[in-house]
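# Summary of structural features
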Amino acid sequence: MRLTNNWINGDCLKELKKIPSESVHLIITSPPYHNLRVYSNDSCDLSNCETYEEYYYLLSLVIKECERVLVPGGKFAMQFEDYNYTIGRDGHRGKESLTGDINKIFKESGFILWSEICWEKYTPQRAMISDGSLWYRNLKARDATIAANFGFVYVYKKGTSGLMETQSGSDVTLAEWAEYASGVWKIPNSSIGGAKHMTPFAYELCKRLIKLYSAPGDVVLDCFAGSGTVNRAAIENGRNAIGIELNEDFYKAAQDIFDKWDDKVYESSDSFQGMVDRFKEQLAIGELNKEEGKKAKEEQKALTQQKKDIRAEIKKLEAELKTLGLKASEIKNIRENAE
Ligand SMILES: C[S@@+](CC[C@H](N)C(=O)[O-])C[C@H]1O[C@@H](n2cnc3c(N)ncnc32)[C@H](O)[C@@H]1O
């Protein structure tokens, strides 16, 4: 199968309208936050809104359009965080919480909250670099601030009665599942090589979401695509990609990276059935591990019983030696020599 990497320069509100309904299987995105960081002075830039209300209104339009393009039951993974205000911003310190407002928009747009992931992005020590109040020397009684060194990934499902997968199968291996199943993901916030963007996604985060919530050959979309991390992770994992980015500089920087890719990345021999077969192999490995684990447990149990029996035998012999008139110190000597 030949994969397509659809990399679009434009306003996602306009560009999403050109995408057919129910043609996308998974959306992964990290939107701009209302006035935390302004990416451009373009009037369509969501980071450039006059008010909180305008920002949420535009975001809700984007989410509604995303709902239209998603297949029933398709997932929308939204990465965002509640951030600490830095000194002087809006004249006060405190936290900005997006969770409630974003969740409300998704619910009103026909989604249900499916899974929540806490993404530990970096150490609190790193957070200290940007937030001086976290330094120990700056601690004030009754006024501590905790590091905002994590973000959220909220995974929403389109429709409350959308298609449920009835066929067992996943692109996630047993070893991966051992890590991915946790609600807390510790992934360093490092960008893909050459990304010229101030807030790029962690590639590993995108890869996990793609493997968990889509299948080979599916279409994965990022409507605030920045440096194109989602596109790259999608193609490299056998999915088709659509990325929409407004800022021409970011768009071109990512295009330069895509242009250097070997054409072979677009040729994938994978398929849905291939994924199901891999899953069955993993299941068989799991069963084997379970059997081997059971055997090892039984062997351990037998060994423990053997030790117990030997100890009981020693005690019995010591009691016999005592009845033969040997002193405790002599019995001790015999035991130590035997050991
Ligand atoms: C948080 S960044 C996303 C970074 C991206 N996840 C990555 O891996 O590089 C948000 C991006 O949304 C873009 N953006 C803002 N308004 C937009 C709009 N209306 N349409 C498309 N992109 C927009 C900004 O230029 C910025 O690059």
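The paragraphs below set out a description of the structure included in this document.

Analysis parameters
Residues numbered from 1 in each chain as written. Predicted model: local features only at pLDDT ≥ 70, side-chain atom pairs only at ≥ 80, totals over all residues. Heavy atoms only, no water. Buried < 20%, exposed > 50% of the residue type's maximum accessible area, 1.4 Å probe, protein only. Near = heavy atom within 4 Å. Polar contact = N/O pair within 3.5 Å; in protein donor to acceptor, adjacent residues only side chain to side chain. Areas by Shrake-Rupley, 256 points an atom, 1.4 Å probe, with all protein chains shown as cover. Pairing = 2+ DSSP bridges. Helix = DSSP H or I, 4+ residues; strand = E, 2+ residues; numbered from the N terminus. Axes fitted to C-alpha atoms, helices over the stretch in contact; angles between N-to-C directions. Contact = heavy atoms within 4.5 Å. Expected span 1.5 Å × (residues − 1). Arc of directions from axis to C-beta. Core = buried A, V, L, I, M, F, W, Y, C linked by side-chain atoms within 4.5 Å. Salt bridge = Lys/Arg side-chain N within 4 Å of Asp/Glu carboxyl O. Left-handed = near helix turned anticlockwise from the far one by under 90°. Nonpolar A, V, L, I, M, F, W, Y, C, P; charged D, E, K, R; others polar. Patch = residues over 30% accessible without salt bridge, like charges linked within 9 Å, V, L, I, M, F, W, Y side chains within 5 Å. Lys, Arg positive; Asp, Glu negative; His and termini not counted. Charge placed at Lys NZ, Arg CZ, Asp CG, Glu CD.

What follows covers unusual backbone geometry. Despite not being glycine, Glu-22 shows a phi value in the positive range, around 50°. The class for Glu-22 is partly exposed, based on a relative accessible area of 47%.

So, about the site of the ligand. Near the ligand lie 25 residues; those nearest to it are His-197, Phe-201, Ser-227, Thr-229 and Glu-245. The separation between a nitrogen atom of the ligand and a polar main-chain atom of Leu-46 is 3.1 Å. Leu-246 is positioned such that a nitrogen or oxygen atom in its backbone is 3.3 Å from a nitrogen atom of the ligand. Protein contacts shield 99% of the accessible area of the ligand, which totals 600 Å² for the unbound molecule.

Taken in spatial order, the eight strands make up an open sheet running β1-β10-β9-β2-β3-β7-β6-β8, and their pairing is mixed. Each of the sheet's edge strands pairs with one partner strand only, and the pair in question is β1 (5–9) and β8 (184–186). Going across the sheet, the axis of each strand differs from the next one's by a mean of 20°, ignoring polarity. Here strand β3 (residues 70–80) runs beside strand β7 (residues 150–158); their pairing, made up of six bridges, is antiparallel. By the bridge assignment, Met-78 is partnered in β7 with Tyr-154. Helix-sheet contacts for helix α3 (residues 99–108) involve β3, β6 (111–120) and β7, and the interaxial angle to β7 is about 10°. Along the sheet, helix α8 (residues 248–259) makes contact with β1 and β10 (240–245), crossing β1 at roughly 155°.

Time to look at α8. Given a rise of 1.5 Å per residue, 12 residues ought to cover 16 Å, and the 16 Å separating the end C-alpha atoms of α8 matches this to within 8%. What α8 keeps buried is the set Phe-250, Tyr-251, Ala-253, Ala-254, Ile-257 and Phe-258. Seen end-on, α8 carries its buried residues on one side only, within an arc spanning 165°. Seen from the buried face of α8, the exposed residues on the opposite side, beyond 90 degrees, are Asp-249 and Asp-259. Among the structural elements, β1, α7 (229–236) and β10 are those in contact with the buried residues of α8.

By size, the foremost hydrophobic cluster in this structure holds 37 residues, and its most contacted members are Leu-16, Val-24, Leu-59, Phe-76 and Leu-221. Going through the elements one at a time, α1 (12–16), β2 (24–29), α2 (52–69), β3, α3, β7, β9 (219–222) and β10 are the ones with two or more residues in this core. Broken down by element, the residue count for this core peaks at eight residues, all from α2. Dropping the residues within four chain positions of it, Phe-76 is found in contact with Ile-27, Thr-29, Ile-63, Cys-66, Leu-70, Phe-106, Phe-111, Tyr-154, Val-155 and Tyr-156. Counting residues in hydrophobic clusters, the runner-up holds 34 residues, among them Trp-119, Val-155, Cys-206 and Ala-241.

This part is about the pattern of salt bridges. On inspection of all chains with the given rule, the structure shows 20 salt bridges. Between Lys-211 and Glu-176 there is a salt bridge, and its shortest N-O distance comes to 3.0 Å. Here Lys-211 is found in helix α6 (residues 203–213), whereas its partner Glu-176 is found in helix α5 (residues 174–180), with 35 residues between them in sequence. The same class applies to Lys-211 as to Glu-176, namely buried. The network of salt bridges with shared partners includes Asp-171, Arg-239, Asp-270 and Arg-278.

Another aspect to go through is the packing of α2 against α3. The N-to-C vectors of α2 and α3 enclose an angle of 40°; their axes lie 10 Å apart at closest approach. Considering how the two elements wind past one another, α2 and α3 form a crossing that is right-handed. Contacts from Tyr-52, Tyr-56, Leu-59, Ser-60 and Ile-63 of α2 reach α3 at Asp-101, Ile-102, Ile-105 and Phe-106. Of the residues assigned to the contact of α2 with α3, the class counts are seven nonpolar, one polar and one charged.

A grouping of Glu-291, Glu-292, Glu-298 and Glu-299 is seen on the molecular surface, where their side chains present a negatively charged patch. Topologically, Glu-292 is positioned in helix α9 (residues 272–323).

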